[in-house]
Amino acid sequence: MYKKVHLRLTILSTGITAAIMIIMSFGYLYVSEKNLYQNQYNSFKNDINTISTNLETQSIITMEWLSKMETQNNYIFFVLDNGTPFLYNQLSNFYDVSQEKLMQESMNIYQQMFLIDHTENSVSYSSYVSHHVQFQFKSKITNENYFCGVIEIEKSKSILQVIILSPLHLLKKQISNQRIRFFAIDGAAIFLLTLFSWIFTGKLLKPIIENQKKQIQFVASASHELRTPLAVILSSAECCKNASIEEQAGFIKNICQEGMRMSTLINDLLTLSGSDNHQFSIQIKPAELDTLLINSYEAFEPLAKEKSIALLLELPENTIPLCPMDTNRISQVVSILLHNAVSYTPESGKIQISLFYRKNTFKISIKDNGIGIPDQDKKKIFDRFYRAEKSRSTKDHFGLGLSIAYEIITAHHGTITVSDAFPSGSVFTVTLPGK
Ligand code: ADP
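Just so it is clear, the model here is predicted, and its values are computed rather than measured. (Residues numbered from 1 in each chain as written. Predicted model: local features only at pLDDT ≥ 70, side-chain atom pairs only at ≥ 80, totals over all residues. Heavy atoms only, no water.)

S.K.: Tell me what's going on with unusual backbone geometry, and back it up with residues and numbers.
M.R.: A cis amide bond links Phe422 with the next residue in sequence, Pro423, at an omega value of 0°. Following the sequence through the fold, Pro423 ends up in the loop between strand S11 (415–420) and strand S12 (426–433). The phi dihedral of Ser348 is positive, around 65°, even though this residue is not glycine. Turning to its location among the elements, Ser348 is positioned in the loop between helix H8 (327–343) and strand S9 (350–358). (Helix = DSSP H or I, 4+ residues; strand = E, 2+ residues; numbered from the N terminus.)

S.K.: Tell me about the domain arrangement of the protein chain, and name the residues and values.
M.R.: Partitioning the protein chain into structural domains gives domain 1 (58–114 + 128–166) and domain 2 (285–433). Look at where the C-alpha atoms of domain 1 and domain 2 centre, and you get two points 102 Å apart. (Domains from an automatic or database assignment.)

S.K.: Give a description of the site of the ligand that names residues and reports values.
M.R.: Neighbouring the ligand are 19 residues, the closest being Asn340, Asp368, Ala388, His397 and Leu402. Here Asn340 contributes a side-chain N or O atom positioned 2.7 Å from an oxygen atom of the ligand. For the ligand, whose unbound accessible area comes to 530 Å², protein coverage reaches 98%. Elements supplying a minimum of two residues to the shell around the ligand: H8, helix H10 (401–411) and S12. Of the residues that constitute the shell around the ligand, the class distribution is 11 nonpolar, 6 polar and 2 charged. (Near = heavy atom within 4 Å. Polar contact = N/O pair within 3.5 Å; in protein donor to acceptor, adjacent residues only side chain to side chain. Areas by Shrake-Rupley, 256 points an atom, 1.4 Å probe, with all protein chains shown as cover. Nonpolar A, V, L, I, M, F, W, Y, C, P; charged D, E, K, R; others polar.)

S.K.: Explain the side chain of Asp326 to me, and be specific about the residues and the numbers.
M.R.: Relative to the helices and strands, Asp326 is located in the loop between strand S8 (323–325) and H8. Although buried, Asp326 forms no salt bridge, and the nearest oppositely charged side chain, Arg329, lies 4.6 Å from it. (Buried < 20%, exposed > 50% of the residue type's maximum accessible area, 1.4 Å probe, protein only. Lys, Arg positive; Asp, Glu negative; His and termini not counted. Salt bridge = Lys/Arg side-chain N within 4 Å of Asp/Glu carboxyl O.)

S.K.: Give me the sheet that holds strand S1 (residues 76–81): which residues, what numbers.
M.R.: The 5 strands are arranged S2-S1-S5-S4-S3 in an open sheet whose pairing can be described as antiparallel. Looking along the sheet, the strands with just one partner apiece sit at the ends: strand S2 (84–85) and strand S3 (131–138). As paired elements, S1 and S2 share 2 bridges and run antiparallel to each other. Considered in S2, the bridge of Leu80 is made with Pro85. (Pairing = 2+ DSSP bridges.)

S.K.: Mind laying out the packing of aromatic side chains, listing which residues take part and the relevant values?
M.R.: Tallying each qualifying case throughout the model produces 13 aromatic pairs. Geometrically, the ring pair formed by Phe44 and Tyr75 is edge-to-face, given 5.5 Å between the ring centres and 90° between the ring planes. Taken together, the residues span a long stretch of sequence, with Phe44 in helix H1 (residues 2–57) and Tyr75 in the loop between helix H2 (63–73) and S1 at a distance of 31 residues. Here Phe44 falls in the buried class, since its relative accessible area comes to 1%. Ring plane angle 45° and centroid distance 5.6 Å describe the contact between Phe218 and Phe385, whose orientation is recorded as tilted. (Phe/Tyr/Trp six-rings, centres within 6.5 Å; stacked < 30°, edge-to-face > 60°.)

S.K.: Just give me the short version of the packing of helix H7 (residues 289–306) against H8, but keep the residues and values in it.
M.R.: Viewed as axis vectors pointing N to C, H7 and H8 meet at an angle of 35°, and their least axial separation amounts to 10 Å. Handedness of the H7/H8 crossing: right-handed. Of H8, the residues touching H7 (which contributes Leu289, Leu292, Leu293, Ser296, Phe300 and Leu303) are Thr327, Ile330, Ser331, Val334, Ser335, Leu338, His339 and Val342. Residue composition of the contact of H7 with H8, by class: 9 nonpolar, 5 polar and no charged. (Axes fitted to C-alpha atoms, helices over the stretch in contact; angles between N-to-C directions. Left-handed = near helix turned anticlockwise from the far one by under 90°. Contact = heavy atoms within 4.5 Å.)

S.K.: Run through the nonpolar core, naming residues and quoting values.
M.R.: Core analysis: the largest hydrophobic core is formed by 48 residues, its most contacted members being Leu289, Ile330, Ile366 and Leu400. Among the elements that take part in this core, H8 stands out by supplying 8 residues, more than any other. In contact with Leu400, other than residues within four places in its own chain, are Phe218, Leu265, Asp268, Leu269, Leu272, Arg384 and Phe385. Counting 21 residues, the second largest nonpolar core, distinct from the first, contains Phe77, Phe147, Leu160 and Val162. (Core = buried A, V, L, I, M, F, W, Y, C linked by side-chain atoms within 4.5 Å.)

S.K.: How would you summarise the pairing of strand S4 (residues 145–155) if you had to cite specific residues and measurements?
M.R.: The element S4 is extensively covered by neighbouring structure, given that 9 of its 11 residues are classed as buried. Strand direction decides the pairing type here: S3 and S4, joined by 8 bridges, are antiparallel. Bridge pairing in S4 places Phe137 opposite Tyr146. Between S3 and S4, which follow one another and run antiparallel, lie 6 residues, and Asn143 among them has a positive phi close to 60°. Both S4 and strand S5 (residues 158–167) contribute to a ladder of 10 bridges, which runs antiparallel. Bridge pairing in S5 places Gly149 opposite Ile164. Counted along the chain from S4 to the antiparallel partner S5, the turn is 2 residues long, and its residue Ser156 has a positive phi close to 35°.

S.K.: Explain the sheet that holds S12 to me, using residue names and the numbers behind them.
M.R.: Ordered in space as S7-S9-S10-S12-S11, the 5 strands form an open sheet in which the pairing is mixed. Of all the strands in the sheet, just strand S7 (310–314) and S11 have a single pairing partner and so form its edges. Looking at each pair of strands side by side, their axes are set apart by 15° on average, direction ignored. Of the strand pairs in this sheet, S7 and S9 are connected by 5 bridges, and their pairing is parallel. Each bridged residue has a counterpart across the sheet, and for Leu311 the counterpart in S9 is Ile351. In the packing of H8 onto the sheet, contacts are made with S7, S9, strand S10 (361–368), S11 and S12, and the angle to S10 comes to roughly 20°.

S.K.: Describe the pattern of salt bridges, with residues and values.
M.R.: Enumeration according to the criterion identifies 7 salt bridges in this entry. The partner of Arg179 in a salt bridge is Glu33, with the nearest N and O atoms 2.8 Å apart. Residue Arg179 is located in helix H5 (residues 169–242), and its partner Glu33 is located in helix H1; the two are separated by 146 residues in the primary sequence. The partly exposed category is assigned to Arg179, whose relative accessible area is 39%. Here Glu238 makes a salt bridge to Lys241, at a shortest N to O gap of 3.1 Å. Of this pair, Glu238 and Lys241 both sit in helix H5, 3 residues apart, which is roughly one turn of the helix.

Below you can see the structure in the form of structure tokens.
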């Protein structure tokens, strides 16, 4: 399922970005091609202007000058003197039938466009005004586009006509090269985009996948833990049916005990699921942390005494400021830590509760000289349902206590860590920020 989502997300993000990129590329290409065309046309117009001025001022048009103009600008020149091709065209190597047809075609288009009748009779040389025009056309003969400039100059009672053609195949090539470059860049960019989208969406989905795995694991562990007391309750209830009154009392006691275990477990599960759904309500108010520890100490003293464990409390000598905290929740954390300390410390052991206040930080440490926690388990003990050595924990240890403590302390923006105590046992340290 996540593979499909991963693929879809990659396609979606790549698709949107690629579409935007392609639209922008097309827009840029359109503007750039238009500019290229316009620039070329403007420079052609300027050349026609210059040539026209040169022709008007030159008394003799030399062949060298014409061929220099042709090769320099990649133009095709046709020069007509009173409608007859100039000697230059006749001598030129390139001047063949198709060239003549091309010249005729451009002349016809020129005449159609500018409605000029150049039949012998209609031209009045005396009233003739020298001029030049430019236009663009597509030749049916060569099947190519041209910029065409026609210059007409009156020179010693005859009309000199110069047709200048600039074939556009170079411009076309330039444009198509630019398009190929753009498509190649776009293709490479789309490829890289797909690759990065795949990696990034994968990274994005990783915590979600891991979270789902944890949820599945959590539900499986919770069901497993609930199954045991439920099985005891059901079998005790079944046995009750045929048991004597005295036997029934024993079974009912079992049912009550297992019911209590289930209730504790369900409460723990509800606390954790509330924290997962961000419905973990903590009401932070300034309160006395030393008083809270005294209360916890008093609550656990009988339990410690039962196991002949020495429970000690060390508080700062000077008065400390009020600690911003949810008293019930912090008290729950201290109870979890004390309960564990009592559970994992053998008889005649020692547990020390200490409170420090330094640099606007409250530090609670609960140190025991019990069985300790192996290094490889230290990180995992805050995971849900993790028990370092299942055989060492009693029935009412589900492996949820420290994960609840962790959630509560994190919600207070504090920290909870574990380290080894000397010479044996463990120290749990909780820090809570001050104001
Ligand atoms: P549990 O309900 O099993 O105690 P916790 O989440 O409170 O669950 O603790 C997880 C595990 O960490 C315990 O099963 C135990 O192995 C280990 N542990 C916690 N506190 C101590 C301690 N004070 N000394 C030794 N081991 C501890």
